[in-house]
Amino acid sequence: MENLKIEATKYTPEIILDTNGNLSLVGKSYPENTFEFYAPVMAWIENYFETNPAEKTLVNMEIIYFNSSSSKLFFDFFDLFEENSKDNSIEINWIYDEENESAEEAGEDFIEDFEDLKIKLVTK
Amino acid sequence: MDTHENKLISEIESLQKQFLSTTDKLVKDVKRQDKIMARSDKRQQREYDELMALKIEIEETQREVVFTMGAIGESRSKETGNHVKRVAEYSKIMALHYGLSEKEAEMLKQASPMHDIGKVAIPDAVLNKPGRFNDEERKIMDTHAQIGYDMLKMSNRTLLKTAATVAYEHHEKWNGTGYPNKLKGEEIHIYGRITALADVFDALGSDRVYKKAWNDEKIFKLFKEERGEHFDPKLIDIFFDNLDDFLEIRDSFKDTVS
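Below: a short report on this structure. (Residues numbered from 1 in each chain as written. Chains lettered and ligands numbered in written order. Predicted model: local features only at pLDDT ≥ 70, side-chain atom pairs only at ≥ 80, totals over all residues.)

Here we take up the overall build of chain B. Within chain B, the secondary structure is distributed over 10 helices and zero strands. Of the regular secondary structure in chain B, the N- to C-terminal order runs α-α-α-α-α-α-α-α-α-α. Counting every position in chain B, which comprises 258 residues, the buried fraction comes to 29%. A sequence separation of at least 24 residues applies to 67% of the contacts in chain B between residues at least 6 apart. (Helix = DSSP H or I, 4+ residues; strand = E, 2+ residues; numbered from the N terminus. Buried ≥ 20, exposed ≤ 12 C-beta atoms within 10 Å, placed from the backbone. Contact = placed C-beta atoms within 7 Å.)

See below:
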């Protein structure tokens, strides 16, 4: 299985998915077709857990701006992590700037919805 | 019979379970969607508010910068800050009576204080000379229109473009004897024609280093003589038809005696 790296654009974050268990999404997320854009990311993660997950999976998400379909997608994203959280050690850092109220609220929503996941809010 | 019944019940119970788990998931999804929607609405509201606040900030900054630039120009020639305020107000009501839109009239009001910004480049000895200029000094003084235009013309902002036109053409005369380009009649932009009249009206009525303020009678006589000469006849008519408005502005922005 290969690493997946997607460069940042004006509307999409930089995404680095490493088979060593370090997954990161950094930047803005308001693509025109959010689900299409993230399809390879979801596929990679599914495949990763099915085939050869690392001992520990660390997810760093630093999304400074996102549209509503992105936040829907992040829920799906976390669903995927939750499904795999019994058999895997997964930690998620939701990173945001102190002044970014929207990002903070989204992080709180995720924690509320995913009781079984280890999601940490990290302010910059 | 009993076993058959039991089987049915267990099938139904299994269905019930499936149904419950599916509806649970649906409820969860709907709740999630609602949450996303509510967050999104809140965010949109916040973003729109921020956008509007920024817009006001930009407009006010622009206004202040433009006004301050005008005041700098005026302060160099030891005139009072109220001169630019009055010229701004005169220009706006003249623009409205001439038939320009409220938006354009307001734009002109904000831009007109910069009509003399080119004076920042005129040496003090010329700018503040008491008495009449000789030919050489007059030539230097007259460059302020071109200089003001050159300072402002690069901008793409409507307000600064308006200001550039005002700076460039406020010394042109209706009969073609003004400067810097000896434009004639409606070749002179309406902004230039309006500011010319507003500027002269205010200058004549104020004390300057080289002259005392004229009384109204003398000013009105000159305006009548210069109708169609120095000034656009239509604007002179507007001036006299609405004289009270102009005098009211003059009263409310009086220069304080120092």
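The subject of this paragraph is unusual backbone geometry. Here the amide bond leading from Tyr 179 of chain B into Pro 180 of chain B is cis, since omega sits at 5°, within 30 degrees of zero. Mapped onto the elements of the fold, Pro 180 of chain B is located in the loop between helix H6 (158–169) and helix H7 (190–204).

In this section: the nonpolar core. Formed by 38 residues in total, the largest nonpolar core has its most connected members in Met 94, Ala 111, Met 114, Ala 163, Ala 167, Ile 194 and Leu 197 of chain B. At the level of secondary structure, the elements contributing two or more residues to this core comprise helix H1 (2–76), helix H2 (81–98), helix H3 (102–111), helix H5 (135–152), H6, H7 and helix H9 (233–241) of chain B. (Core = buried A, V, L, I, M, F, W, Y, C linked by C-beta atoms within 7 Å.)

This part takes up the packing of H5 of chain B against H6 of chain B. Residue and element names in this part refer to chain B. Running from N to C, H5 and H6 point in directions that differ by 165°, and their axes come no closer than 7 Å. As the angle between them shows, H5 and H6 are arranged roughly antiparallel. Where H5 crosses over H6, the handedness of that crossing is left-handed. Across the interface between the two elements, Ala 145, Gly 148, Tyr 149 and Leu 152 of H5 pack against Leu 160, Ala 163, Ala 164, Ala 167 and Tyr 168 of H6. Residue composition of the contact of H5 with H6, grouped by class: eight nonpolar, one polar and no charged. (Axes fitted to C-alpha atoms, helices over the stretch in contact; angles between N-to-C directions. Parallel < 35°, antiparallel > 145°, perpendicular 65-115°, else oblique. Left-handed = near helix turned anticlockwise from the far one by under 90°. Nonpolar A, V, L, I, M, F, W, Y, C, P; charged D, E, K, R; others polar.)

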